[in-house]
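# Tertiary structure, described
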Amino acid sequence: MHDKTLTELKAGLQAKDFSARELTEHFLDRIQARDGELNSFITVTREQALAQADAADQAIAAGDHRLLTGLPIAHKDIFCTEGVRTSCGSRMLDNFVAPYTATVVENMAREGAIMLGKTNMDEFAMGSSNETSFYGPVRNPWDTERVPGGSSGGAAASLAARLTPAATGTDTGGSIRQPAALNGVTGLKPTYGRVSRWGMIAFASSLDQAGPLGLSAADCALMLQAMAGHDAKDSTCLNEPVDDYLGGLDQSLDDLRIGVPEEFFPDNLDGAIADNAREALRELEKQGAKLIKVSLPSIKLSVPAYYVIAPAEASSNLSRFDGVRFGYRCDDPKDLEDLYKRSRSEGFGAEVKRRILVGTYALSAGYYDAYYKRAQKVRRLIRDDFARAFKDVDVLIGPTSPETAFQLGAKADDPVNMYMADVFTIAVNLAGLPALSMPSGFIDGLPAGTQVIGNYFQEGRVLNVAHRYQLATDWHLRIPGAFQ
């Protein structure tokens with residue numbers, strides 16, 4: 001059963017080829033048998049999952065087929081889940097059991113989804129390799145000596161290894177799309193505000209966005225249909241109607257205008273990565289799309305702008321973790337100042353502390369205008385570049401990542417080099433646009449991904465482009481040899 005996509009499993013449940021309990025047990029058994037090689041899960045909720053599966057079987061017997069009835073999925077351990085630990089990959093929240101459930105999890109449960117467990121991640125979603133987790137690094141199933149990308153590396157790795165048929169993730173600067181590319185799966189970052197952030201532990205509030213990871217664009221469309229929608233509890237969640245993402249998948253690509261940004265193919269880009277993306281463009285061109293060269297001149301400033309804005313927001317958001325109300329607390333503090341200092345220095349990992357320090361500096365008196373305010377002005381320039389491009393094209397396409405999965409530890413001592421792993425994804429978050437990474441081939445045995453970027457609330461068009469590409473290719477169906 002693990003070789004089937006989420007949409008195929010949905011059809012199998014409706015045809016009663018297998019029960020929800022059989023399906024859930026199958027994936028739980030795979031997690032138990034194989035996740036020791038990957039470390040992709042932090043928590044497995046076996047008893048809860050089986051109880052949900054039994055309820056799903058009763059619903060199916062009664063003819064109650066909702067969008068996700070009986071389908072097992074995994075949630076990134078950044079989404080609060082009532083009664084289940086929500087750690088955010090950090091020692092700071094190792095003992096935190098949320099008293100409420102995130103809207104994303106709630107929406108999917110309402111549609112009948114079964115939660116297998118919570119996936120590993122970079123601590124507080126800060127990282128591009130899933131090596132900063134308090135619970136140890138996640139390994140890439142295509143080569144377990146390599147990283148799966150981050151911060152949603154546990155979600156992507158478990159999906160690629162077929163330990164789960166689908167997963168949720170979050171994307172602040174590429175944290176769904178980059179690991180999707182490095183693991184050979186499909187991942188979608190929706191328009192900012194399309195999916196509620198309520199109950200999703202904040203990293204950078206103006207950039208964070210929840211989204212789905214699946215084997216195919218159709219799987220992501222199915223999940224987004226359940227996830228999306230207005231939530232009054234989240235003031236940044238937009239009250240816009242939810243499109244029929246599933247119904248628009250088969251739309252023809254005739255006369256589709258694809259923008260090819262020259263900045264996504266710089267002279268120093270690995271030739272194999274560039275060729276891989278161009279081959280995907282040729283396939284879409286064969287299906288009737290038109291390729292148009294465009295320019296996004298401000299995109300070269302996206303990495304420096306992001307690494308001022310995101311740490312500044314993280315500095316503010318993570319100030320709540322003070323050892324007083326919840327989370328990690330140091331032993332035997334001498335006084336309140338000692339409590340604050342030691343709880344935070346012991347509870348946070350090196351990368352999180354680095355970003356808090358950078359963000360606090362950027363927001364400090366005398367530096368706010370020089371750094372944070374200027375970065376926000378650059379952000380507007382990047383947004384304006386995209387707005388101009390979308391006057392002439394329907395989508396933009398280029399590589400998702402400048403490289404395939406790199407060796408574990410290869411960039412551990414070079415944070416700036418690590419930050420460049422998101423060079424093609426960060427601008428999308430700064431502008432708040434939707435974007436998807438789809439598997440588009442292999443380079444030296446490792447997956448590569450191509451990114452499709454859409455205009456605001458054009459998730460349906462982005463999913464349609466990826467779906468039509470996947471009808472003509474089978475890269476998204478390849479399974480790592482060791483996990484077949």
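Residues numbered from 1 in each chain as written. Predicted model: local features only at pLDDT ≥ 70, side-chain atom pairs only at ≥ 80, totals over all residues. Heavy atoms only, no water.

With that settled, consider the packing of aromatic side chains. Evaluation of the coordinates by the stated rule reveals 16 aromatic pairs. Centroid distance Phe-321 to Phe-348: 6.3 Å. Interplanar angle 85 degrees. Geometry classified as edge-to-face. Highlighted residues: Phe-321 in the loop between helix H9 (302–317) and helix H10 (336–347) and Phe-348 in the loop between H10 and helix H11 (350–363), separated in sequence by 27 residues. Each member of the pair, Phe-321 together with Phe-348, is buried. Here the aromatic rings of Tyr-361 and Tyr-371 are separated by 5.9 Å at their centres, their planes lie at 55 degrees, and the arrangement is tilted. Linking Tyr-361 in helix H11 with Tyr-371 in helix H12 (residues 368–389), this pair joins segments that are 10 residues apart in sequence. By relative accessible area, Tyr-371 is classed as partly exposed at 37%. Chaining the aromatic ring pairs together yields one cluster made of Phe-96, Phe-124, Phe-321, Phe-326 and Phe-348. (Phe/Tyr/Trp six-rings, centres within 6.5 Å; stacked < 30°, edge-to-face > 60°. Helix = DSSP H or I, 4+ residues; strand = E, 2+ residues; numbered from the N terminus. Buried < 20%, exposed > 50% of the residue type's maximum accessible area, 1.4 Å probe, protein only.)

All right, on to helix H15 (residues 459–472) then. Between the first and last C-alpha of H15 there are 20 Å, a value that for 14 residues agrees with the 20 Å anticipated at 1.5 Å per step. Summarising burial for H15: 10 of the 14 residues are buried, a large majority. Among the residues of H15, Glu-459, Arg-461, Val-462, Leu-463, Asn-464, Val-465, Ala-466, His-467, Tyr-469 and Gln-470 are the ones counted as buried. Tucked into the core, H15 has its buried residues touching strand E5 (186–189), helix H7 (217–227), helix H8 (271–286), strand E9 (395–399), strand E10 (435–443) and strand E11 (446–454). (Expected span 1.5 Å × (residues − 1). Contact = heavy atoms within 4.5 Å.)

In terms of burial, E10 is largely enclosed, as eight of its nine residues are buried. Examined bridge by bridge, E5 and E10 share three bridges and lie antiparallel to one another. Within E10, the residue paired with Gly-187 across the bridge is Ser-437. Here E10 runs beside E11; their pairing, made up of eight bridges, is antiparallel. Residue pairing in the sheet places Gly-441 in a bridge with Ala-448 of E11. Where E10 folds back on E11, the antiparallel hairpin that results is connected by two residues, among which Asp-444 adopts a positive phi of roughly 55 degrees. (Pairing = 2+ DSSP bridges.)

Turning our attention to the environment of Ala-166. Here Ala-166 is to be found in strand E4 (residues 166–170). For Ala-166, a relative accessible area of 0% corresponds to the buried category. The spatial distance from the C-alpha of Ala-166 to the C-alpha of Leu-215 is 7.2 Å, given a sequence separation of 49 residues.

This paragraph deals with the pattern of salt bridges. Throughout the structure, instances matching the rule amount to 27 salt bridges. Ionic pairing is found between Glu-37 and Arg-34, a salt bridge with its closest N-O pair at 2.6 Å. Taking the relative accessible area as the measure of exposure, Glu-37 reaches 32% and is therefore partly exposed. Because the salt bridges share partners, they merge into one network encompassing Arg-21, Glu-25 and Asp-54. (Salt bridge = Lys/Arg side-chain N within 4 Å of Asp/Glu carboxyl O.)

This part is about the packing of helix H1 (residues 6–14) against H7. If you want to describe how two helices pack, look at the angle between their axes and the distance between the axes. Where H1 meets H7, the closest approach of the two axes is 7 Å, and the angle between their N-to-C directions is 70 degrees. Here H1 lies roughly perpendicular to H7, going by the angle between them. Within the contact between the two elements, H1 uses Leu-6, Thr-7 and Lys-10 and H7 uses Ala-218, Asp-219, Leu-222 and Met-223. Tallied by class, the residues present in the contact of H1 with H7 amount to four nonpolar, one polar and two charged. (Axes fitted to C-alpha atoms, helices over the stretch in contact; angles between N-to-C directions. Parallel < 35°, antiparallel > 145°, perpendicular 65-115°, else oblique. Nonpolar A, V, L, I, M, F, W, Y, C, P; charged D, E, K, R; others polar.)

As enumerated under the stated definition, the model contains zero disulfides in all. Here Cys-237 stays unpaired: no disulfide links it, and the sulfur of Cys-80, its closest cysteine neighbor, is 16 Å away. (Disulfide = S-S within 2.5 Å.)

Right, let's get into unusual backbone geometry. Backbone phi values are negative for most residues with the exception of glycine, while trans is the configuration of most peptide bonds. Residue Ser-151 is reached from Gly-150 by a cis peptide bond, and omega for that bond is 5 degrees. Its place among the elements puts Ser-151 in the loop between strand E3 (114–119) and helix H5 (153–160). The phi angle at Phe-124 is positive, at roughly 50 degrees, despite the residue not being glycine. Mapped onto the elements, Phe-124 comes out in the loop between E3 and H5. Unlike most non-glycine residues, Asp-255 shows phi in positive territory, near 65 degrees. Among the secondary structure elements, Asp-255 is positioned in the loop between H7 and strand E7 (257–261).

We now examine the packing of H9 against H12. For the pair H9 and H12, the least separation of the axes is 9 Å and the interaxial angle reads 125 degrees. The angle between H9 and H12 falls in the class oblique. The two elements H9 and H12 cross, and the hand of that crossing is left-handed. Residues Ser-302, Ala-305, Val-308, Ile-309, Ala-312 and Glu-313 of H9 pack against Tyr-371, Tyr-372, Ala-375, Gln-376, Val-378, Arg-379 and Ile-382 of H12. (Left-handed = near helix turned anticlockwise from the far one by under 90°.)

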